[in-house]
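Okay, here's what each chain looks like letter by letter:
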Amino acid sequence: MHAEPAAGAPGAMVALLQHGPTHRSYGDLSDAEVEQLGRDLDALREQVLASRGARDAAYIRRLIAVQRCLEVGGRVVLLGSRSRTAWWLGTASLTLSKVLDNMEIGHNVLHGQWDWMRDPRIHSSTWDWDHASAPEQWRRAHNDRHHVNTNVLGKDNDLGYGIMRVDEAQEWEPRHLAQPLWNLVNACIFEYGIAMYDLDFGDALRSRKGLSPQLRRELRTTARRAGRNAFRDYVLHPLLSAPTGSARSTLTANLVANLARNVWSHSVIMCGHFPEGVETFEVAEIDEHETRGHWYLRQMLGSADVSGPWLLHVLCGNLSHQIEHHLFPDLPSNRYREIAGPVRELFARHGLAYQSAPLLRQVASAWHKVLRLSLPPRPGGAHAGARQGAPVPA
């Protein structure tokens, strides 16, 4: 990481103006501090593990019931959606059901957060969701790669999904000029973008080695899932509405619900990973035998939270507590809010910046970074060669 400017130096003033009070970064903590941090977080995790019980099980079962009621209710209302009121009610209900299915339920069940219940209906090995990406493919890309290599350039493909420049250390190329447009398109088709990302489809095309037998099988699985969901939303459901003359309005409702779900999911993910101030890391910085404490520290500095009321957290899949989720991806999501206080205290104790802001501010910050880094670095400019999260040299 870049060294901090000395107090009183011009660089220190620039850092203060652009980043606020100076905070410690990844390389600033001693090994002893990092290991103590790891012990403190391990203890916090064990407290939550020991206290899981009926309250948590009731939460996820109740949420699944609500999601299914919203889906069924929305689809029933849309069968007679010729009136504007019915269309709005049905679309809102279907949108909420899709958001809950992907965010607070699907994402978290597939993380294994509820495996401790030993309920075969709510288990990471058996759960399916309303998504083009097959659960086993998503778990491989998300759980096994992203969460292990969080924000490590060249190892964590979630950094810009392989199509965007999201850090100054990434070399600028002319194609990055279009990344604001690509990001907007990705938001609208986020479900399918994630499915292709989970397959490593872009890497396979860039390698020009052809598609392996395994990738061909997985592509067929993804195509079947996408086709099944599209048939349900854009053919079957509108056809069932045809007797009431509401086929067209049902079709538009399904289109809007899927678009809203995609844009919402994309925005929440951006808020947790891409805002200004979130750190990234180079492979050379990461010890080959990274300790638990250093892994925790990387999660803390490579994530950002969204502040807001309880309902917002639920609709975000509690990924509004992205810092807490990255620290403890397998803890029940309904517990993130209560451990956010102790986690914030650990940040303060070690002089680290706890990145948290309201949703709109975090969305704006993430889009600002996408736009800023789409442009070529200015020679000698403030951001030329700077690392994200490090003080900006004068």
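Residues numbered from 1 in each chain as written. Predicted model: local features only at pLDDT ≥ 70, side-chain atom pairs only at ≥ 80, totals over all residues. Heavy atoms only, no water.

Draft legend 1. Structural view of the overall build of the protein. Check the secondary structure of the protein and you find 15 helices and two strands. About 18100 Å² of surface is accessible on the protein, with carbon and sulfur atoms providing 62% of the total. (Helix = DSSP H or I, 4+ residues; strand = E, 2+ residues; numbered from the N terminus. Areas by Shrake-Rupley, 256 points an atom, 1.4 Å probe, with all protein chains shown as cover.)

Draft legend 2. Spotlight on helix α15 (residues 359-372). Across its 14 residues, α15 extends 20 Å between first and last C-alpha, which sits within 8% of the 20 Å expected from 1.5 Å per residue. Of all the positions in α15, only Leu 359, Gln 362, Val 363, Ser 365, Ala 366, Lys 369, Val 370 and Arg 372 are classed as buried. The inward-facing, buried residues of α15 contact α6 (179-188), α10 (247-273), β1 (305-307), α12 (310-315) and β2 (356-358). (Expected span 1.5 Å × (residues − 1). Buried < 20%, exposed > 50% of the residue type's maximum accessible area, 1.4 Å probe, protein only. Contact = heavy atoms within 4.5 Å.)

Draft legend 3. Layout of helix α3 (residues 54-78). Between its first and last C-alpha, α3 extends 36 Å over 25 residues, near the 36 Å set by a 1.5 Å rise per residue. Within the sequence span of α3, burial applies to Asp 56, Ala 57, Tyr 59, Ile 60, Leu 63, Ile 64, Gln 67, Gly 74, Arg 75 and Leu 78. Of the surrounding elements, those touching the buried residues of α3 are α2 (31-51), α4 (84-110), α9 (213-241), α10 and α12.

Draft legend 4. Region of interest: a positive patch on the surface. Taken together, the side chains of Arg 216, Arg 217, Arg 220 and Arg 224 define a basic patch exposed on the protein surface. Along the polypeptide, Arg 216 turns up in helix α9. (Patch = residues over 30% accessible without salt bridge, like charges linked within 9 Å, V, L, I, M, F, W, Y side chains within 5 Å. Salt bridge = Lys/Arg side-chain N within 4 Å of Asp/Glu carboxyl O. Lys, Arg positive; Asp, Glu negative; His and termini not counted. Charge placed at Lys NZ, Arg CZ, Asp CG, Glu CD.)

Draft legend 5. How the structure looks around the confidence of the model for the protein. Model confidence for the protein is summarised by a mean pLDDT of 88, while 89% of its residues fall at 70 or above. The low-confidence segment residues 382-386 (pLDDT under 50) makes 13 contacts with residues lying over four places distant or belonging to another chain. Contacts from residues 388-394, a stretch scored under 50 in pLDDT, to residues over four places away or in other chains number 31 contacts. (pLDDT = per-residue confidence, 0-100.)

Draft legend 6. Here's a closer look at the packing of α10 against α15. One way to put it is that α10 packs onto α15 with a least axis distance of 9 Å and a crossing angle of 80°. Relative to α15, the element α10 is oriented roughly perpendicular. Contacts between α10 and α15 involve Trp 264, Ser 267, Met 270 and Cys 271 on the former and, on the latter, Leu 359, Gln 362, Val 363, Ala 366, Trp 367 and Val 370. Here the residues of the contact of α10 with α15 sort into eight nonpolar, two polar and no charged. (Axes fitted to C-alpha atoms, helices over the stretch in contact; angles between N-to-C directions. Parallel < 35°, antiparallel > 145°, perpendicular 65-115°, else oblique. Nonpolar A, V, L, I, M, F, W, Y, C, P; charged D, E, K, R; others polar.)

Draft legend 7. Spatial organisation of a nonpolar patch on the surface. A contiguous nonpolar surface patch, about 620 Å² in accessible area, is contributed by Ile 163, Leu 181, Trp 182, Leu 184, Val 185, Ile 189 and Tyr 192. It is α6 that contributes the most residues to the nonpolar patch, four residues altogether. Mapping Leu 184 onto the fold places it in helix α6.

Draft legend 8. Inspection of the packing of aromatic side chains at higher detail. Inspection of the entire model under this criterion finds eight aromatic pairs. With a centroid separation of 5.5 Å and 70° between ring planes, the pair formed by Trp 129 and Trp 138 is classed as edge-to-face. For the pair Trp 129 and Trp 138, a shared accessibility class is recorded, and that class is buried. The rings of Tyr 59, Trp 114 and Trp 116 are connected pair by pair, giving a single aromatic cluster. (Phe/Tyr/Trp six-rings, centres within 6.5 Å; stacked < 30°, edge-to-face > 60°.)

Draft legend 9. Fine view of the side chain of His 273. With respect to the helices and strands, the residue His 273 is situated in helix α10. You can call His 273 buried: its relative accessible area is 6%. A distance of 2.9 Å separates the side chain of His 273 from the backbone oxygen of Ile 269, its partner in a polar contact. Only 3.2 Å separates the side chain of His 273 from the side chain of His 326, close enough to count as a polar contact. With sequence-adjacent residues up to four places away left out, His 273 is seen in contact with His 146, Asn 151, Val 278, Gln 322 and His 326. (Polar contact = N/O pair within 3.5 Å; in protein donor to acceptor, adjacent residues only side chain to side chain.)

Draft legend 10. Looking closely at unusual backbone geometry. Positive phi is not limited to glycine here, since Asn 151 has a value of about 60°. Along the chain, Asn 151 turns up in the loop between α5 (135-146) and α6. Classification of Asn 151 by relative accessible area gives buried; the value is 1%. With a phi close to 60°, Asn 318 is a non-glycine residue in the positive phi region. Counting through the fold element by element, Asn 318 comes out in the loop between α12 and α13 (322-327). Residue Asn 318 is classed as buried on the basis of its relative accessible area of 5%.

Draft legend 11. Structural detail: the nonpolar core. Counting 30 residues, the largest nonpolar core has Ile 105, Trp 114, Ile 122 and Trp 127 as its most contacted members. Elements with a minimum of two residues in this core: α3, α4, α7 (190-198), α10, α12 and α15. If you tally residues by element for this core, the top one is α4, at six residues. In this structure, Ile 105 is in contact with Leu 63, Ile 64, Gln 67, Leu 100 and Trp 127, ignoring residues within four places of it in sequence. Leu 44, Phe 281, Met 300 and Leu 352 belong to the second-largest nonpolar core, a separate cluster that totals 28 residues. (Core = buried A, V, L, I, M, F, W, Y, C linked by side-chain atoms within 4.5 Å.)

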